[in-house]
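These are the residues of each chain, in order.
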Amino acid sequence: MRSRMLFLLVVLAALSLAAACSRPSTDAEKLAAVEAMYVGYAKDFPAVPDIAPDEARQLYEQGGVVFVDARPENERAVSTLPGAVSGEEFLADPGRFANRTAVGYCTIGYRSGKLAEALAARGIPVRNLRGGILAWALEGGAVYGPDGRPVKAIHVYGAKWDLPPAGYVSVY
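Just so you know, these numbers come straight off a predicted model, no measurement behind them.

Colleague: Could you give me a rundown of the overall build of the protein, with the residues and numbers involved?
Modeller: A tally of helices and strands in the protein yields seven helices and nine strands. Taking all 172 residues of the protein together, the buried fraction comes to 41%. Within the protein, contacts between residues at least 6 apart in sequence are counted, and of these 67% link residues at least 24 apart. Total accessible area on the protein stands at roughly 9200 Å², and carbon and sulfur atoms take up 59% of it.

What follows is the structure in structure tokens.
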């Protein structure tokens, strides 16, 4: 009985080590994992145009973008992209943002892709941020807390999406 228990403990330890080793650990590995997830999700909304984080950042710096956060308030309370508005705020008066490119985002891009798809059906164009807030941060973009100051925390929705950049805290 004792040798069987020891054997089971060794097997569990080996499985845990294998799982830990297969989890992305560098920011480059995390970005690749985020990209792979996004590509899989994007199949559910093929007509939605996306935008890379670096292109979105350039548009923001030129004053040409409004970020539309598709996440619920508890996730937005952790951090958002600069100047982001909630989906509800955007929907209340989309004309207010007519002179800017609307870019939807969430953790990786599924919820914002579905939002962009629904808005396109209403004649409101929204591009989906490729890889969401995680890709944004992994590519060096800053995220902001409710007070407008930069923070090092991201709500990652759940353990599967726990891929923040080094130095960031995950919340879920």
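The structure having been displayed, the exposition proceeds.
Colleague: Just give me the short version of the packing of aromatic side chains, but keep the residues and values in it.
Modeller: This structure, assessed with the given rule, holds seven aromatic pairs. An angle of 25° between the planes, with centres 5.5 Å apart, marks the rings of Phe90 and Phe97 as stacked. Through a chain of ring-to-ring contacts, the aromatic side chains of Tyr60, Phe67, Tyr105 and Trp136 assemble into a single cluster. It is Arg57 that lies over the ring of Trp136; its NZ or CZ is 4.8 Å from the centre.

Colleague: Which residues make up the sheet that holds strand β1 (residues 50–51), and what values go with them?
Modeller: Overall, parallel pairing links the five strands, which are arranged β1-β5-β4-β2-β3 in an open sheet. With partners counted over all chains shown, the strands left at the sheet margins are β1 and β3 (85–86), one partner each. In terms of strand pairing, strand β2 (residues 65–69) meets strand β4 (residues 101–105) through five bridges, oriented parallel. Bridge pairing links Phe67 to Val103 in β4. Running at roughly 125° to β2, helix α3 (residues 53–61) makes contact with β1, β2, β4 and β5 (127–129) of the sheet.

Colleague: Residues and numbers for α3, please.
Modeller: Within the span of α3, buried status applies to Pro53, Ala56, Arg57 and Leu59. One side of α3 carries all its buried residues, which in axial view fall inside an arc of 160°. Residues of α3 that are buried in the fold lie against β1, β2, β4, β5 and α7 (132–138). Where α3 ends, the next residue or the one after it, Gly63, has phi of about 75°, a positive value.

Colleague: Describe the side chain of His155, listing the residues and the values that go with them.
Modeller: Along the polypeptide, His155 turns up in strand β8 (residues 153–155). From its side chain, His155 meets the backbone nitrogen of Tyr157 in a polar contact 3.2 Å long. Leaving out residues up to four positions away in the same chain, His155 has contacts with Arg71, Asn74, Glu75, Val78, Ser79, Thr107, Val171 and Tyr172.

Colleague: Account for the pairing of β4, with residues named and values stated.
Modeller: Among the five residues in β4, four count as buried, and that is most of the element. Here β4 runs beside β5; their pairing, made up of two bridges, is parallel. By the bridge assignment, Gly104 is partnered in β5 with Asn128. In this region the chain leaves β4, passes through helix α6 (residues 110–121) and returns to the parallel neighbour β5; the handedness of that crossover is right-handed.

Colleague: Kindly report on the nonpolar core, identifying the contributing residues and their values.
Modeller: Within the largest apolar cluster, 40 residues are counted, with the highest numbers of intra-cluster contacts made by Phe67, Leu81, Phe90, Ile108, Leu129 and Ile154. Taken together, the elements giving at least two residues each to this core come down to α2 (27–42), α3, β2, β4, α6 and α7. It is α7 that contributes the most residues to this core, six residues altogether. Setting aside residues no more than four positions away along its own chain, Ile108 makes contact with Val34, Met37, Tyr38, Tyr41, Leu129, Arg130, Gly131, Gly132, Leu134 and Trp161.

Analysis parameters
Residues numbered from 1 in each chain as written. Predicted model: local features only at pLDDT ≥ 70, side-chain atom pairs only at ≥ 80, totals over all residues. Heavy atoms only, no water. Helix = DSSP H or I, 4+ residues; strand = E, 2+ residues; numbered from the N terminus. Buried < 20%, exposed > 50% of the residue type's maximum accessible area, 1.4 Å probe, protein only. Contact = heavy atoms within 4.5 Å. Areas by Shrake-Rupley, 256 points an atom, 1.4 Å probe, with all protein chains shown as cover. Phe/Tyr/Trp six-rings, centres within 6.5 Å; stacked < 30°, edge-to-face > 60°. Lys NZ or Arg CZ within 6 Å of the ring centre and 35° of its normal. Pairing = 2+ DSSP bridges. Axes fitted to C-alpha atoms, helices over the stretch in contact; angles between N-to-C directions. Arc of directions from axis to C-beta. Polar contact = N/O pair within 3.5 Å; in protein donor to acceptor, adjacent residues only side chain to side chain. Right-handed = clockwise from strand over helix to strand, strands pointing away. Core = buried A, V, L, I, M, F, W, Y, C linked by side-chain atoms within 4.5 Å.

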